[in-house]
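Coordinate analysis (summary)
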Amino acid sequence: MVLLTGTALTLVAGPVWAQAHRETAQAAPRHAFNVPAGPLASVLPLFGQQSGRQVTANTDTIRGLSSPGVQGNLTVEEALQRLLAGTGATYSVGAGAVISVQRIGPTTSNAMQLDPVQVQGNTVPPQAEIGNLLPAYAGGDVARGGRVGVLGNRDYMDTPFSTTTYTEKFIKDVQARSVIDVLVDDPSVRAVYGQSADDDRMYIRGFSLGSQDMAFNGLYGVSGLLSMPMAGIERVEVFRGPSAMLSGMAPRGAVGGTINFVPKRAPDDGISQATALYASNANFGGHIDVGRRFGPDKELGIRGNAYYTGGPTVSNYQADQLINLTLGVDYRSPQSRLDFDLGYFQRTLSGGQPGVLLRAGLAVPPAPNTTANFYQPWEFQTTSVGYGDLRLEYDFVDNLTGFIKAGGNNQNVAALWAYPTIQSNSGDTAATPNKIVSWYQNASFEAGARGRLQTGEVKHEAVVSGSYLVNWTGTLARNAPSAVTSNIYAPIVQPAPNLTGFAQGAPMTSQTVLGGIGLIDSISAFGDKLQLIAGVRLQQIQVSNWNALTGLPTPGYTQSAVTPTVSLVVRPWKHLSFYGNYIQALEQGPTAAAGLANAGTTFAPFTSTQFEAGAKLDLGDFGATLSFFQITKPSSYVNAATNSLVVQGQQVNSGIEFTMFGEPIKGFRPVGGFLAMSPVLTSTLNGTNNGHYAPGVPQFQANLGLDWDTPWVKGMTVGGRLIYTGQAFLDPANLQSVPAWTRVDLSAKYVFERTDGKPIAIRGQVTNVGNNNYWMAVPGYLTQGAPRTFMLSLTADF
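Side note on the nonpolar core
Counting 55 residues, the largest nonpolar core has L183, M202, V236, I259 and F261 as the members making the most contacts within it. For I259, the contacting residues outside a window of four places in its chain are V179, L183, M202, I204, L209, M214, A215, V236, E237 and V238.

Right under this line is the structure:
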């Protein structure tokens, strides 16, 4: 804490020196550079970001060259000379101050502009978050890094956590309609629903994550409660493990990891793109993406997206319709940056398949045909969400930036579901229809300052921030007077229940307020070969509840907790780094229900803890992370002997995780990895289930996605993926076993140019090529794997 406070005080004093330095600067301005050592093709885009200059290079001729990096407040020329020292490359400056980098000796003229290119004249300091995305890694599917909570954007080699950032290119190539589609090659992630359910819930490292625990531009309370369409999303950032210290408390906890959505911004050269979409059986749609930049330095950017799909799916009497509109605006001046986003989507799903329960004592039956929909055609869910956010950054001096964020959403859900329970080994089911109307509103805020300071060989990056999130919820539900019956192998269509007179609106039933303040310091020494990150956050939770029928208050609570974190990166060589971390997640503590001896008693917030150690590899064209982790999450249960809610017991997930990405051979791009995990229950009621595997968590899962640019047809790419998920159990007694399953997908892409030079891209893929029937395990219930689905898109630039 002394070190953290000292850093903060020094940052306050720093502006005086920095302002004086700026006033006496000569004509050549100085910039704060922090470009780590690495392959030249990777460090040049970072240099372009931090210098505000456009950089071009022939990626073929500089392949294999390595740079020592550059740090400090330097002119562009000084920094460039240090960056290229000993690399075997030189540079020249052309019209418009464009920097061209070439290998010393014979070169070709096939120069390519490196991505991203920052707006000339408006330099973005390295501690800034807006307009400071890290460049794509070799192959373009994954970025070099992403947002690490309040620390901002960091290269993955300098991040003491397991992270992956999927790019816009990858999102397009997999024809993603939801975040589940984007994460199809991620070995640490498993979707809860394999078929349409209008719900993006997933498991990361064996713990549940809902869309409400996913951030938008680093802010909770903006993304949709159940799902988030991809039309306006540029990147999807995956953070594995707890993150309460770095990102604040997620609304529902986010124990195994979380997701951050990065919205699209207008590129410097603009974009005008139209896409036609098709998915079997007759689901058609289109997507329009238009963006422009304005001003002498292209300081103002506007980008809009309009997306629609609708029609029958592969499953019997199932239809899915989605409308998604987004607008992103950003403005960059020499000392400040402002951006905001507005979005709206509405999705209507009829004949959805949200999951099936299994009666106690029954073995898991074989999965039915993937296209046989054993739900009722009158079941539906309609979700409408409006959302937005606003961010402002101001550079007080070169090394100190203040930031303010605000955002929120308003969403409404109307649904009629009948969750079936399998009653017999022959697949008979019974379900009670349930109609639900609900609404959710969120308002979220964050403010703070991020500063950098270098004293000799030691660098500090300190952040102080405060966050505030309030959620209002209204829910009203009503059961039908009688159950409906069917069979998973021979579905029976039943008449819709009569629920006339059901209220169209719901009263407010809960209010949750999450507030916190944190301080974190990242200390680097020995040329960034040693990096220590430490911090602490005070988090407060306030929950109020009301009865939906009477309007009377029911038990709520106010609790607080302190979450520390400490992590370390050791990078002895530029291609290899080792890391370790200790970090926690916070969840709302449970409240004893009415009828229990301790009814109304509220327990302190649950604190889940992770210990992790690992290694990261960066060969310039191939990157990988190997991690060993253990996450311990507390649990609660009702003790029948005392008729009381007891906080006791744990789920301990210990695992080995491997992820990889890049283009190790030109034109050959693998993405994937594996997760081997031991999810064990401890301290269970009377010790009955001690040592058993946690329900719904496989012991092994692996993903391998491959794309190959064929040499015989220019512009043709073929690919596919293999997904394997091991055995899991439905119940804590481990009596109901869910078999392992494997899925194979195939894909192809062909890109060619029209006579005017504009590209046209045709993409096609088939998921579940073998049309395999399989169950997916979730604690307490089953969901059905996705059927074979054909997808086709045609994208044209204008």
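Read on, since the account is not over.
A short note on the environment of G667
Considering the arrangement of structural elements, one finds G667 in the loop between β37 (644-662) and β38 (668-682). Sequence spacing of G667 and T563 is 104 residues, and the spatial spacing of their C-alpha atoms is 45 Å. Those residues in contact with G667, other than ones at most four positions away along the chain, are D707, W708 and D709.

Here's the deal with the confidence of the model for the chain
Per-residue confidence for the chain gives a mean pLDDT of 88; residues scoring 70 or more make up 93%. Low confidence marks residues 1-27, where pLDDT is under 50. Its contacts with residues over four positions away, or in another chain, come to 28 contacts. Segment residues 106-121: pLDDT under 50, and 48 contacts once partners within four positions in sequence are set aside and those in other chains are kept.

Let's talk about the pattern of salt bridges
Per the counting criterion, the structure on display carries 39 salt bridges. Its salt-bridge partner being R205, residue E612 comes within 3.0 Å of it at the nearest N-O pair. Pair noted here: E612 is in strand β35 (residues 606-618) and R205 is in the loop between β13 (202-204) and β14 (207-209), with a separation of 407 residues, a long-range link. Residue E612 is classed as buried on the basis of its relative accessible area, which comes to 5%. For D339, the salt bridge identified is with R391, shortest N-O distance 2.6 Å. Of the two residues, D339 is situated in strand β22 (residues 336-350) and R391 in strand β24 (residues 380-397); the sequence distance between them amounts to 52 residues.

A few points about the packing of helix α2 (residues 40-51) against helix α3 (residues 76-84)
In the contact formed by α2 and α3, the axes pass within 12 Å of each other and the chain directions differ by 170°. The angle between α2 and α3 falls in the class roughly antiparallel. Contacts between α2 and α3 involve L40, V43, L44, F47 and S51 on the former and, on the latter, V76, A79, L80, L83 and L84. Its residues placed into classes, the contact of α2 with α3 shows nine nonpolar, one polar and no charged.

Let's talk about the sheet that holds strand β11 (residues 162-166)
Read across the open sheet, the four strands follow the order β11-β16-β17-β15; overall the sheet is mixed. Only two strands of the sheet have a single neighbouring strand rather than two, namely β11 and β15 (215-216).

Some thoughts on the packing of aromatic side chains
Here the distance between the centres and the angle between the planes together describe a pair of aromatic rings. What the rule picks out here adds up to 21 aromatic pairs. Ring geometry for W417 versus Y419: centroids 6.5 Å apart, planes at 45°, classification tilted. According to the relative accessible area criterion, W417 is buried, its value standing at 3%. Summarising the aromatic geometry, the rings of W708 and W712 are spaced 5.2 Å apart at their centres and angled 75° between planes, so their arrangement reads as edge-to-face. Relative accessible area serves as the criterion here: at 33%, W708 is assigned to the partly exposed category. On the basis of relative accessible area, W712 is assigned to the exposed category, the value being 61%. One aromatic cluster is present, formed by F658, F674, F700 and Y724 through successive ring pairs. One cation-aromatic arrangement involves R205 over F629; the distance from NZ or CZ to the ring centre is 4.1 Å. Its end group placed over the ring of Y579, K616 keeps NZ or CZ at 5.0 Å from the ring centre.

Focus on α3
Residues spaced three or four apart along an α-helix face the same direction, because each turn holds 3.6 residues. Taken together, the buried positions of α3 are occupied by V76, A79, L80, L83 and L84. Projected onto a plane normal to the axis of α3, the buried residues spread over an arc of 120° and lie on a single side. In this fold, the buried residues of α3 make contact with β1 (30-35), α2, β4 (66-67), β5 (70-75), β6 (89-93) and β7 (99-103). Immediately beyond the C-terminal end of α3, within one or two residues, lies G86, with a positive phi of roughly 75°.

Side note on the side chain of K616
As for its placement among the helices and strands, K616 is situated in strand β35. An unpaired buried charge is present at K616: no salt bridge exists, and E612, the closest side chain of opposite charge, is 7.5 Å distant. Only 2.8 Å separates the side chain of K616 from the backbone oxygen of Y156, close enough to count as a polar contact. Contact partners of K616, with chain neighbours within four places excluded, come to Y156, M157, T159, F161, H575, L576, S577, Y579, A624 and T625.

The rules behind these values
Numbering of residues starts from 1 in every chain and runs along the sequence as written. Residue-level local features of this predicted model are given only where pLDDT is at least 70; pairs of side-chain atoms are given and counted only at 80 or more, and the full residue set underlies all totals for whole chains, interfaces and linings. The side-chain figures draw on all heavy atoms in the structure; neither hydrogens nor water molecules are used. Think of a nonpolar core as a cluster: buried Ala, Val, Leu, Ile, Met, Phe, Trp, Tyr and Cys residues, connected wherever their side-chain atoms sit within 4.5 Å. Under the scheme applied here, a residue whose accessible area is under 20% of the maximum for its type counts as buried, over 50% as exposed, and between as partly exposed, the area being computed with a 1.4 Å probe on protein chains only. Residues are treated as being in contact if the distance between any of their heavy atoms lies within 4.5 Å. The way it works is that DSSP assigns letters per residue, a run of H or I at least four long becomes a helix, a run of E at least two long becomes a strand, and they are numbered from the N terminus. Every residue gets a pLDDT, meaning the predictor's confidence in that residue, from 0 to 100. Any Lys or Arg side-chain nitrogen located within 4 Å of an Asp or Glu carboxyl oxygen qualifies as a salt bridge. Geometry is summarised by axes, namely lines fitted to C-alpha atoms with helices restricted to the contacting stretch, and by angles between N-to-C directions that run from 0 to 180 degrees. Note that the term roughly parallel is reserved for angles under 35 degrees, roughly antiparallel for angles over 145, roughly perpendicular for angles of 65 to 115, and oblique for everything else. Residues are grouped as follows: nonpolar covers Ala, Val, Leu, Ile, Met, Phe, Trp, Tyr, Cys and Pro; charged covers Asp, Glu, Lys and Arg; every other residue, Gly included, is treated as polar. In this scheme, strands are said to pair when DSSP sees at least two bridges between them. Two aromatic rings from Phe, Tyr or Trp, using only the six-membered ring of Trp, form a pair when their centres are within 6.5 Å; if the ring planes differ by under 30 degrees the pair is stacked, by over 60 it is edge-to-face, and anything between is tilted. Consider the ring centre and the ring normal. A charge sits over the ring if Lys NZ or Arg CZ is within 6 Å of that centre and within 35 degrees of that normal. Note: the arc covers the axis-to-C-beta directions of the helix. Charged residues are defined here as Lys and Arg on the positive side and Asp and Glu on the negative side; His and the ends of the chain fall outside this count. Residues adjacent in sequence count toward polar contacts only when both atoms are side-chain atoms; beyond that, a polar contact is any pair of N or O atoms within 3.5 Å, and within protein one must be able to donate a hydrogen and the other to accept it.

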